[in-house]
Amino acid sequence: MRRYDPADIEPKWQRIWEAEGLHRASEDPADPRPRFYALDMFPYPSGDLHMGHAEAFSGGDAVARFKAMQGYNVLHPIGWDAFGLPAENAAIKREIHPREWTYANIEQQARSFARMGMSFDWTRRLATCDPEYYRWTQWLFLKLFERGLAYRKSSPVNWCPKDQTVLANEQVIAGACERCGTPVERRDLTQWFFKITDYAQRLLDDMDGLVDWPARVITMQRNWIGRSEGAEVTFTIEETGDEVPIFTTRPDTLWGVTFFVFAVEHPLVRKLAEAGGRWEEVEPLVGKVRNTPLTHREEADTKEGVVLGVHAVNPVNGEKVPCYVAPYVLMEYGTGAIMAVPGHDQRDFGFARQHGLPVREVIRPEGEPASELAEAYVGEGVMVSSGPFDGERSPASIPKVAAWLAAEGRGGAAVSFRLRDWLISRQRYWGAPIPIVHCPAHGEVAVPEDQLPVLLPEDVDFRPGGESPLARHPSWKRTACPDCGADAVRDTDTMDTFVDSSWYFFRYCSPGLTEAAFRREDVDRWMPVGQYTGGVEHAILHLLYSRFFTKALYDMGMVGFTEPFPKLMNQGQVIYGGASMSKSKGNVVEPMPLVERWGADSMRLIILFAGPFEGDIDWKLIAGDPDRRPGVNAWLGRVFGVVDEAASRPHAEEPEALRRLTHRTIRAVTEDVERFRFNTAISKLMVLSNEMRAGLDAGGGAGEAASALVQMLAPFAPYAAEELWREVLGREGSVHASPWPSFEPDVAAEETVTLIVQVDGKVRDKVEVPAGADGAACLEVARASENARRAIGDREVANEIVRAPRLVNLVTR
RNA sequence: GCCGGGGUGGCGGAAUCGGCAGACGCGCGGGUCUCAAAAACCCGUGGGCUUCGGCCCGUGAGGGUUCGAUCCCCUCUCCCGGCACCA
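Concerning the overall build of chain A
Secondary structure assignment for chain A yields 27 helices and 35 strands. Taking the principal axes of the C-alpha coordinates as reference, chain A spans close to 100 × 85 × 50 Å. Taken over 813 residues, chain A has a buried fraction of 54%. Summarising the internal contacts of chain A: among those between residues at least 6 apart in sequence, 72% fall at separations of at least 24. Averaged over its 91 positive side-chain charges, chain A has a centre that lies 2 Å from the centre of its 117 negative ones.

A closer look at the sheet that holds strand S34 (residues 797-803)
Two strands in a sheet stick together by hydrogen bonds in their backbones, pointing the same way (parallel) or opposite ways (antiparallel). With respect to topology, 4 strands assemble into an open sheet ordered S33-S32-S35-S34, the strand pairing being mixed. Two strands lie at the open edges of the sheet, namely strand S33 (762-770) and S34, each paired on one side alone. For this sheet the average axis-to-axis angle between neighbouring strands, irrespective of direction, equals 15°. Note: strand S32 (residues 752-759) against strand S35 (residues 807-812), 4 bridges, orientation parallel. By the bridge assignment, Ile756 is partnered in S35 with Leu807.

Looking at the nonpolar core
Core analysis: the biggest nonpolar cluster contains 175 residues, and Tyr37, Phe141, Phe194, Trp422, Phe506, Val643 and Phe716 have the highest contact counts within it. With near-sequence residues (within four places) excluded, Phe141 lies in contact with Ala150, Trp192, Phe194, Ile424, Ile434, Pro435, Ile436 and Met495. If you look at the next biggest cluster of nonpolar residues, it comprises 39 residues, including Ala273, Val362, Met383 and Val401.

Details of the domain arrangement of chain A
Entries for chain A in the domain assignment read domain 1 (33-128 + 198-214 + 501-626), domain 2 (140-195 + 422-498), domain 3 (229-416), domain 4 (631-748) and domain 5 (752-812). Centre-to-centre separation of domain 1 and domain 3, based on C-alpha positions: 47 Å.

Overview of the packing of helix H20 (residues 631-648) against helix H23 (residues 703-713)
One can describe the packing of H20 onto H23 by two numbers: an axis separation of 9 Å at closest approach and a directional angle of 145°. Between H20 and H23 lies a crossing whose hand is left-handed. Facing H20, whose interface residues are Trp635, Leu636, Val639, Val643 and Ala646, H23 presents Gly703, Ala706, Leu709, Val710 and Leu713. For the contact of H20 with H23, a count of residues per class yields 9 nonpolar, 1 polar and no charged.

Examining the environment of Asp627
By the secondary structure assignment, Asp627 is in the loop between helix H19 (619-622) and H20. Residues Asp627 and Leu594, 33 residues apart in the sequence, show an inter-C-alpha distance of 10.0 Å. Discounting residues that sit within four places of it in the chain, Asp627 has contacts with Arg597 and Trp598. One polar contact links Asp627 to Arg597, side chain to side chain, over a distance of 2.9 Å.

Thoughts on the sheet that holds strand S18 (residues 393-394)
Pairing in this open sheet of 3 strands is antiparallel, and the strands run S16-S17-S18 from one edge to the other. Looking at the sheet topology across the chains shown, the edges are occupied by strand S16 (363-364) and S18. Here 2 bridges tie strand S17 (residues 381-383) to S18, and the two strands are oriented antiparallel to one another. The partner of Val382 across the bridge, within S18, is Arg393.

What about unusual backbone geometry?
Of note, the amide linkage connecting Ser394 to Pro395 takes the cis form, showing an omega dihedral of 10°. Here Pro395 lies in the loop between S18 and helix H11 (398-408).

Side note on the packing of aromatic side chains
Counting across every chain of the model gives 48 aromatic pairs. One aromatic cluster is present, built from ring pairs that chain together Phe141, Phe145, Trp192, Phe194, Tyr199, Trp422, Phe498, Tyr545, Phe548 and Phe549. Over the ring of Tyr151 we find Lys195, and its NZ or CZ is 6.0 Å from the ring centre. Sitting over the ring of Trp476, Arg490 keeps its end group 5.8 Å from the ring centre.

Looking at the side chain of Thr662
Assignment of secondary structure puts Thr662 in helix H21 (residues 656-674). Not counting chain neighbours up to four residues away, the residues in contact with Thr662 comprise Leu688, Glu704, Ala705 and Ala708.

Some points on the pattern of salt bridges
By the definition in use, this model includes 46 salt bridges. When the shortest N-O distance is used, the salt bridge between Glu722 and Arg726 registers 2.7 Å. Placement of the pair is Glu722 and Arg726 together in helix H24 (residues 718-728), with a separation of 4 residues, close to one helical turn. Residue classification places Glu722 among the buried residues on the basis of a relative accessible area of 0%. Several salt bridges converge on common partners, so that one network encompasses Glu27, Asp121, Arg124, Arg519, Asp522 and Arg525.

Some points on helix H7 (residues 215-225)
Taken as a whole, H7 has its buried residues at Val217, Ile218, Gln221 and Ile225. Projected down its long axis, H7 shows its buried positions confined to an angular sector of 100°, all on one face. Along H7, the residues that are exposed and aim more than 90 degrees away from the buried face are Ala215 and Asn223. The inward-facing, buried residues of H7 abut helix H6 (200-205), strand S10 (227-237), strand S19 (411-417), helix H16 (541-555) and strand S28 (568-571). Positive backbone phi, at 60°, marks Gly226, one or two positions downstream of H7.

Notes on the environment of Val329
On the secondary structure map, Val329 appears in the loop between strand S14 (320-325) and strand S15 (337-340). Under the relative-accessibility criterion, Val329 is labelled buried at 4%. Spatially, the C-alpha atoms of Val329 and His266 are 9.7 Å apart, while their sequence positions differ by 63 residues.

Remarks on the pairing of S10
For a regular strand, side chains alternate in direction, first toward one face of the sheet and then toward the other. Burial analysis of S10 places 8 of its 11 residues in the buried class, the great majority of the element. Bridging between S10 and S19 involves 7 bridges; their strand directions are antiparallel. Pairing of Gly230 across the sheet is with Ala414, part of S19. What sits between the antiparallel neighbours S10 and strand S11 (residues 243-248) is a turn of 5 residues, in which Gly241 has the positive phi angle 80°. Sheet analysis places S10 next to strand S13 (residues 306-313), joined by 2 bridges and oriented antiparallel. Note on S13: the bridge partner recorded for Thr236 is Val313.

Quick look at helix H5 (residues 131-146)
For the α-helix, the turn length of 3.6 residues means that residues three or four positions removed from each other point alike. Given a rise of 1.5 Å per residue, 16 residues ought to cover 22 Å, and the 22 Å separating the end C-alpha atoms of H5 matches this to within 8%. Among the 16 residues in H5, 12 count as buried, and that is most of the element. Taken as a whole, H5 has its buried residues at Tyr133, Tyr134, Trp136, Thr137, Gln138, Trp139, Leu140, Phe141, Leu142, Lys143, Leu144 and Phe145. Gly148 sits one or two positions beyond H5 and adopts a positive phi of about 75°.

Some remarks on the packing of helix H3 (residues 85-94) against helix H4 (residues 98-116)
In a packed pair of helices, the relevant descriptors are the angle between the two axes and the axis-to-axis distance. Look at H3 against H4: their axes get within 8 Å of each other, and the N-to-C directions meet at 115°. Relative to H4, the element H3 lies roughly perpendicular. Judged by the sense of rotation from one axis to the other, the crossing of H3 with H4 is right-handed. Mapping the contact onto sequence places Pro86, Ala87, Glu88, Ala90, Ala91 and Arg94 in H3 and Pro98, Trp101 and Thr102 in H4. For the contact of H3 with H4, a count of residues per class yields 6 nonpolar, 1 polar and 2 charged.

What counts, and where the lines are drawn
Residues numbered from 1 in each chain as written. Chains lettered and ligands numbered in written order. Predicted model: local features only at pLDDT ≥ 70, side-chain atom pairs only at ≥ 80, totals over all residues. Heavy atoms only, no water. Helix = DSSP H or I, 4+ residues; strand = E, 2+ residues; numbered from the N terminus. Buried < 20%, exposed > 50% of the residue type's maximum accessible area, 1.4 Å probe, protein only. Contact = heavy atoms within 4.5 Å. Lys, Arg positive; Asp, Glu negative; His and termini not counted. Charge placed at Lys NZ, Arg CZ, Asp CG, Glu CD. Pairing = 2+ DSSP bridges. Axes fitted to C-alpha atoms, helices over the stretch in contact; angles between N-to-C directions. Core = buried A, V, L, I, M, F, W, Y, C linked by side-chain atoms within 4.5 Å. Domains from an automatic or database assignment. Left-handed = near helix turned anticlockwise from the far one by under 90°. Nonpolar A, V, L, I, M, F, W, Y, C, P; charged D, E, K, R; others polar. Polar contact = N/O pair within 3.5 Å; in protein donor to acceptor, adjacent residues only side chain to side chain. Phe/Tyr/Trp six-rings, centres within 6.5 Å; stacked < 30°, edge-to-face > 60°. Lys NZ or Arg CZ within 6 Å of the ring centre and 35° of its normal. Salt bridge = Lys/Arg side-chain N within 4 Å of Asp/Glu carboxyl O. Arc of directions from axis to C-beta. Expected span 1.5 Å × (residues − 1). Parallel < 35°, antiparallel > 145°, perpendicular 65-115°, else oblique.

Pasting the structure below:
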């Protein structure tokens, strides 16, 4: 009998598949197969692959192989998200160049992927740190710049005083630098932004079409975009005449305004404080908040604030209310100033109590008397003390008030988004340089396309200190203005790595193209992506940015669709003992040692069989003794046994029950794989192999079952399936290029079914009846059941529920 | 606090147009083989009771609808995830 020896067969097939070019996507125009783009979120090359990669890619690979067997021309590419801070950190620590560290890791991961049997089209491999890739990242930046979608402005950012660098929000943990633990400060710097806010409404609207996205991802993106409807209203400052617009979702409470609040960063604060003779009191608060890290702002005291000494005139009734400056109003949202209605907003209420400001009731619950408010009332009601709107029902009155404001010329209906423009500048070395030259005469000038890429300099001191590494380089930034030839300097910032990853899926469609980032015809041929697989940690940033890029490129006529990923699947995390795996916790389980010891097929089966793909896997709970043979490995051994035995007696008659199970299994497994239910698919294959064993032991044949089993095993255990297909079953060509088995309904149909006989809803008997048994026949069988009679005893049967041919329930009085 | 998802054997998990709860696997127990052990293979495995025919209980807790509820409804509870001064 043929032994199952993964150490022997896996490297062998890996070589043969590579030599045969089995997984290359076909670009032959005569290829009649429909196309399918199976995309996995590309990895970041920090060391070797971890368990999370193993799970995500095992699932993605199962889908790609399944689709190929279903007759699709599959594009299943791989690449690396290879720019980023960790490469620099590692380089600083080990004194090697970020490039060396990055490419070494990419090679390692590529070898591991190949060893795992991933069906990638390696000819399309890319890395975002490759000059031939980032050249086009820069080119896309310039396209956005041309359209006004990339612009520069001053913005507050997180700054680590020890590392002397700007940090992304996600690099700030509890107000401190994640690397050195130093509390971060706030700096105002001029930065590049992408104008994603122009697309806020479309990003929101188009999600209605993303029916195959996980609901929670949709929810997270909706929350992130944060659309609010309301009104904009312009107040006038009594003492200076300044006009200050505010956004409110509750214009129906305009008559309840008793004060007015500015964010500390609001450009009018100093002027107004000075006009009110209060700058001395205001300045310390402004300074304090300015030095508070952005990530700490949420902990600021809601009641803190200082009076400005000036008054705002309420346009609806001419009332003058005092102005304050307070940290609870954010410059980043709305207009950076608010009308305060303590009667109907809890934050305003708290502030009013603290500062002795009046609280006015202007929305009253229907049918109730006027009351002294003990807290803000935010529910429905009737407008009172509201001039022309007295008696109007709120919130129905909101659009009426907005329309009235518009007619009066003091504002009107407005929509506000929480989404802010995407800050892409990074004062870091290991990223794509921003292709802009700053000319004293011409300002921001695009680097001409024929001068791309703007290459990163090699000889750089990328250790932290003072300025960004590119700014510190003695000569790199010096250049001539492309417009006038005068001395000018390059922009010394690099782009956020999320820019790199916002278009990599387009590049896969036109690999190695030297004239453009991609060809529209290539992209339109393969995209939108058939299935996108990756972690939920990218639910907002990467997916939102990629959607934005796609829409912007669509508007430029560069692609023919507006959503890149109509179908999205998130795999769960692989954790250990309820916590994420990490080196500091010492609980990291790596996939490659498992692959070396038991084979890639076993590693893939362990992880796919452990539970639902979307759910987390706690390795501590699913893994047994690491030195003990995994159950799935033993199962593969048994599969080799049954397939070998079936092949050795091709003329033996296959039992009808086995044929039926085979066809039922084909139907069920096909459905399971389509729904990412790999765990149940594998369990059904186990059932089939168990039944084959029983049939063979009884002397029957199992040829059809063996063939189907091997084919259905192929997406999950590609090496073992290939060995069985070609060597044991002796088929020509790869199992992975064979057509997915089809089930025949006639064969799958049951001849008999188990009739459940219940008495008063409790199961009392199970009887085999013909599958076509009608109600009367079933009832007869049920009445005849000895067990049922005993359960009924001397009671009278009052009701008979019949669901032929599955169930009869005899109900006694 | 708000929104979303979930609670099923010793463990991972099956089963939801309301109709056999616990598929499949791990673990565990017993057996075959062996001098012995491991491996492999076979049998058993929710709890309790049993006259060995079966019976009772059981899907976080309580209630409801129904002939019948893991599934639908209400209340509660715990866990996980996301958001959280968003005007």
